[in-house]
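Take a look at the letters that make up each chain.
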Amino acid sequence: MTFDLPVLPFTYDALEPVISQEAVKTHFEKHHLGYAAKLNKLMEGSATAKVSLENLIKTSSGSILNNAAQIWNHNFYWDCLTKLGKTSISMNLHAALSEEFGSFETFRERFTSAASELFGSGWVWLVADDTGKLQIESMPNANCPLEYGKRPLLVVDVWEHAYYLDYQSERLSYLKSWWTIVNWDFVGKQFSKIN
Ligand SMILES: [Fe+2]
């Protein structure tokens with residue numbers, strides 16, 4: 001059984017100076033591709049020729065689920081990022097976040113707090129539930145919104161491997177800088193799918 005191998009949507013130096021070339025390279029090659037190698041190993045000998053990560057996430061458990069989810073989460077994480085200052089949030093997403101959280105700044109503060117306070121390793125997401133309501137979700141380890149029927153719009157990786165090379169243990173410094181490289185065009189596209 002095979003699945004599509006991850007592809008980084010930009011060059012290793014694209015997120016400088018917020019995330020260094022070395023950090024992106026290590027994160028992608030050692031961690032993201034590492035999960036892909038582990039999943040390939042776990043799937044050896046399986047009869048099905050080709051499978052989607054989404055399907056594996058919705059139908060598997062244990063190590064297969066964990067590695068498939070980590071690959072999918074990282075794909076989504078990279079898509080959420082772009083060159084410093086390249087994009088800005090659309091007016092309709094800004095309005096929706098303001099309506100749900102009181103203001104866009106309050107949304108950012110609550111998202112940052114959730115990411116700062118998540119104990120150990122994991123991911124913090126902006127998702128829409130099945131009614132389209134926007135929510136901030138903290139998910140430990142390899143958890144993925146697809147497992148819970150939630151539709152993701154934005155994610156930040158708060159595993160230590162995401163920031164340690166550039167920010168050491170200062171997760172909050174990473175988060176504050178991370179906002180400047182969010183790819184609002186991608187996030188806006190996810191938002192347009194839920195309406
Ligand atoms: Fe990661």
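Details of the structure are given in the entry above.
On a predicted model such as this, the values are computed, not experimentally measured, just so you know. All residue numbers here refer to positions counted from 1 along the written sequence of the relevant chain. Selection of residues for local features in this predicted model requires a pLDDT of at least 70, selection of side-chain atom pairs for listing and counting requires 80 or more, and totals for whole chains, interfaces and linings are taken over all residues.

Caption draft 1: Looking closely at the nonpolar core. Each nonpolar core consists of buried Ala, Val, Leu, Ile, Met, Phe, Trp, Tyr and Cys residues. Their C-beta atoms, within 7 Å, join them into a set. With C-beta atoms placed from the backbone, a residue is buried if 20 or more other C-beta atoms are within 10 Å of its own, exposed if 12 or fewer are, and partly exposed between those counts. The biggest cluster of nonpolar side chains holds 48 residues, and the ones touching the most others in it are I57, A68, W72, V124, W125 and V155. What counts as a contact is two residues whose backbone-derived C-beta atoms lie within 7 Å of each other. When sequence neighbours within four positions are dropped, the list of residues in contact with I57 reads L65, A68, A69, W72, C144, L146 and E147.

Caption draft 2: The arrangement of the pairing of strand β2 (residues 134–140) in detail. Note that strand β1 (residues 122–128) and β2 share seven bridges and pair antiparallel. Paired with A128 across the two strands is L134, which belongs to β2. Linking β1 to β2, which pair antiparallel, is a turn of five residues; within it G132 sits at a positive phi near 90 degrees. Whether two strands pair depends on DSSP finding at least two bridges between them. Going along the chain from the N terminus, every DSSP run of H or I of four or more residues is numbered as a helix, and every run of E of two or more is numbered as a strand.

Caption draft 3: Structural context of the sheet that holds strand β3 (residues 151–157). Pairing is antiparallel across the open sheet formed by three strands, whose spatial order is β2-β1-β3. Edge strands, defined here as strands with exactly one partner in the open sheet, are β2 and β3. Averaged over all adjacent pairs, the angle separating strand axes in this sheet is 25 degrees, with direction ignored. Here six bridges tie β1 to β3, and the two strands are oriented antiparallel to one another. Residue pairing across strands places A128 opposite R151, the latter belonging to β3. To define axes, lines are fitted to C-alpha atoms, for helices over the stretch in contact only, and angles between the resulting N-to-C directions are given on a 0 to 180 degree scale.

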